[in-house]
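Descriptive structure summary
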Amino acid sequence: MNKAARALLLVIVLAVGLRLAYIAFAGQTLSLSASGYDDYAVHLLAGEGYTRFPDLHPDSDLPPLYPTFLAGVYSVFGRSAIPVAWVQIGFDVITMLAIYAIGKRVGGLRSGESVGVLAAAFTGFYPYLLFQDLSVNDTAIFMMLLAVGIWAAYRVAEAERSRSALLWALVVGVTFGAGALTKTLIVLMLPLIALWWWRKVGLRRALGLGAVTAVVFVAVVTPWVVRNTQVQGTLTLISTNDGSNLYQGNNSCVADYLLAGWDAQWVDCLNPTPDGLNETETSAWFRDQALVYLREHPADVPRLLLVKFVTLWSPELLPRAVPPDANLSNEAVLQYETPLFRAARVAHLIYFTPLLLLGLIGIGLAAYQRELTGKYAPILMVLVCITAAYLIYHPSTRYRSPADPFLFVLAASAVVWLCERWQARRPLPV
């Protein structure tokens with residue numbers, strides 16, 4: 001085992017140890033009611049179908065992968081947040097391995113192992129993920145699928161044999177298909193990856209590889225699309241919550257809520273939903289309300305986009321507080337105002353701020369090396385697509401967090417580059 005492998009192993013062991021310590025000493029903060037996924041999992045486990053409603057009528061509000069995962073964990077370990085956290089530690093380990101592999105490719109032959117280990121360490125010791133990736137929500141599984149998919153995209157571009165390239169293109173299709181069944185924004189990256197392959201391996205080969213990826217992706221998501229379309233009686237893709245998310249992120253009070261450090265989902269200025277609408281009609285109504293607001297208030301759009309961008313990439317942990325008039329679906333979020341979480345906000349600010357600045361230096365380094373469309377391109381795709389998605393909808397630290405490990409790759413490359421420049425300027429010992 002070489003030096004880099006030993007360092008990576010040490011990083012993983014320490015990161016796993018931190019997560020186990022969190023479960024041991026603060027496991028009570030991991031709540032099943034912090035999201036709507038538990039309701040689906042309970043009904044799935046009982047054989048009652050994919051629904052969150054007591055009357056058991058099927059719905060399509062949330063993507064299906066994470067509730068299905070929860071149901072599997074419940075069937076083995078029982079309905080508890082602690083076993084869910086145990087399994088999700090495994091997701092974090094896979095994410096760190098994939099981020100190491102991505103960093104190794106960005107750093108190149110000379111510095112790749114240093115960049116990879118450092119990026120894995122930044123990810124593994126990131127304080128926010130100690131809570132977020134252990135919680136009962138889809139962040140850990142989506143981050144893992146995204147990281148593995150991007151790693152596989154690199155492998156496609158560097159494969160010398162057609163069979164190996166096709167195998168890795170299949171992996172991209174599977175992971176991105178599963179990712180779309182978790183968060184649909186991952187779809188935005190597929191055409192960008194195909195364009196990058198075109199630059200790396202030529203048009204003809206990129207078309208074939210892109211076709212393989214697209215076919216596999218479609219094969220993964222089609223059964224769920226067929227199910228949704230049958231349930232809703234009209235073509236319905238992954239979920240129906242896009243309309244409500246769009247309206248929550250585009251209305252007259254959301255910018256002020258975000259500036260106050262509150263979550264966009266708690267806004268209290270939305271028009272009342274008309275009675276008698278079915279699920280897809282409700283989603284369409286929400287979507288129309290958002291579009292009407294944007295069309296009738298064009299002067300508000302620049303400020304709204306700026307506020308969303310600052311909220312999304314703020315070093316501060318957001319949301320920072322719960323407003324007194326919050327429209328809460330449950331009380332679990334009130335724990336965010338406890339002393340433990342206040343301390344976590346300080347730790348996040350101290351940890352993330354320098355890495356954000358180093359990540360910006362990393363982007364500058366990519367431009368300096370003329371590699372913005374080269375080896376850095378897949379990383380920048382992730383940052384751009386996640387930013388674009390949440391400028392359209394509504395941002396928070398949780399929604400940004402799948403992009404953070406990729407920012408940390410940029411930060412690691414900046415650290416290694418700066419250290420190399422510093423060492424080059426030091427006088428040689430006499």
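Up top you'll find the structure we're talking about.
Residues numbered from 1 in each chain as written. Predicted model: local features only at pLDDT ≥ 70, side-chain atom pairs only at ≥ 80, totals over all residues. Heavy atoms only, no water.

So, on to the overall build of the chain. In terms of helices and strands, the chain carries 17 helices and zero strands. In terms of overall dimensions, the chain is globule-like: its C-alpha atoms have a radius of gyration of 22 Å, near the 22 Å expected for 430 residues. Projected onto the principal axes, the alpha-carbon positions of the chain cover approximately 80 × 55 × 55 Å. Taking all 430 residues of the chain together, the buried fraction comes to 52%. Pairs at least 24 apart in sequence give 74% of the contacts found in the chain among residues at least 6 apart. Computed over 31 positive and 29 negative side-chain charges, the inter-centroid distance for the chain is 18 Å. (Helix = DSSP H or I, 4+ residues; strand = E, 2+ residues; numbered from the N terminus. Rg over C-alpha atoms; globule rule 2.2 N^0.38 Å. Buried < 20%, exposed > 50% of the residue type's maximum accessible area, 1.4 Å probe, protein only. Contact = heavy atoms within 4.5 Å. Lys, Arg positive; Asp, Glu negative; His and termini not counted. Charge placed at Lys NZ, Arg CZ, Asp CG, Glu CD.)

This next bit is on the state of the cysteines. As used in these notes, a disulfide is a covalent bond between sulfur atoms, one from each of two cysteines. Under the counting rule described, the total for this entry stands at one disulfide. Shown here is the disulfide that connects Cys253 with Cys269, its sulfur atoms set 2.1 Å apart. Measuring handedness by torsion sign, the sulfur bridge of Cys253 and Cys269 sits at about -85 degrees and is left-handed. Within this pair, whereas Cys253 is found in the loop between α10 (242-248) and α11 (254-259), its partner Cys269 is found in the loop between α11 and α12 (279-296), the two being separated by 16 residues in sequence. Judged by relative accessible area, which is 11%, Cys253 ranks as buried. (Disulfide = S-S within 2.5 Å.)

The next subject is the side chain of Lys308. Tracing the backbone shows Lys308 in helix α13 (residues 301-313). Residue contacts for Lys308: discarding those within four places in its chain leaves Gly249, Asn250, Leu258, Tyr390, Leu391, Ile392, Tyr393 and Pro395.

A few words now on the pattern of salt bridges. A side chain with one charge can pair with a side chain of the opposite charge if their charged atoms come near. Overall, the coordinates contain 11 salt bridges when judged by the stated rule. Here Arg19 makes a salt bridge to Asp92, at a shortest N to O gap of 2.7 Å. Of this pair, Arg19 sits in helix α1 (residues 3-26) while Asp92 sits in helix α4 (residues 81-124), and the two are 73 residues apart along the sequence. We note a salt bridge from Glu316 to Arg320, for which the minimum N-O separation is 2.6 Å. (Salt bridge = Lys/Arg side-chain N within 4 Å of Asp/Glu carboxyl O.)

This next bit is on α13. Taking 1.5 Å of rise per residue, 13 residues should cover 18 Å, and α13 covers 18 Å from first to last C-alpha, within 8% of that figure. Within the sequence span of α13, burial applies to Leu304, Val307, Lys308, Thr311, Leu312 and Trp313. Looking at the buried side of α13, the elements it contacts are α11, α12, α14 (339-368), α15 (377-392), α16 (397-400) and α17 (404-425). (Expected span 1.5 Å × (residues − 1).)

Residues three or four positions apart in an α-helix share a direction because the helix packs 3.6 residues into each turn. A rise of 1.5 Å per residue sets the reference length of α14, with its 30 residues, at 44 Å; its end C-alpha atoms lie 44 Å apart and thus fit the reference within 8%. For α14, the principal kink sits at Phe352 and spans about 25 degrees; a proline, Pro354, occurs within the next four residues. Buried within α14 we find Phe341, Arg345, His348, Tyr351, Phe352, Leu355, Leu356, Leu358, Gly359, Gly362, Leu365 and Ala366. Each element contacted by the buried residues of α14 is listed here: α4, α5 (127-132), α13, α16 and α17. Within two residues after α14, Arg370 carries a phi angle of roughly 55 degrees, on the positive side. (Bend = angle between axes of the 7 residues up to and from the residue.)

Honestly, that's just the spatial picture; any functional story needs more than this.
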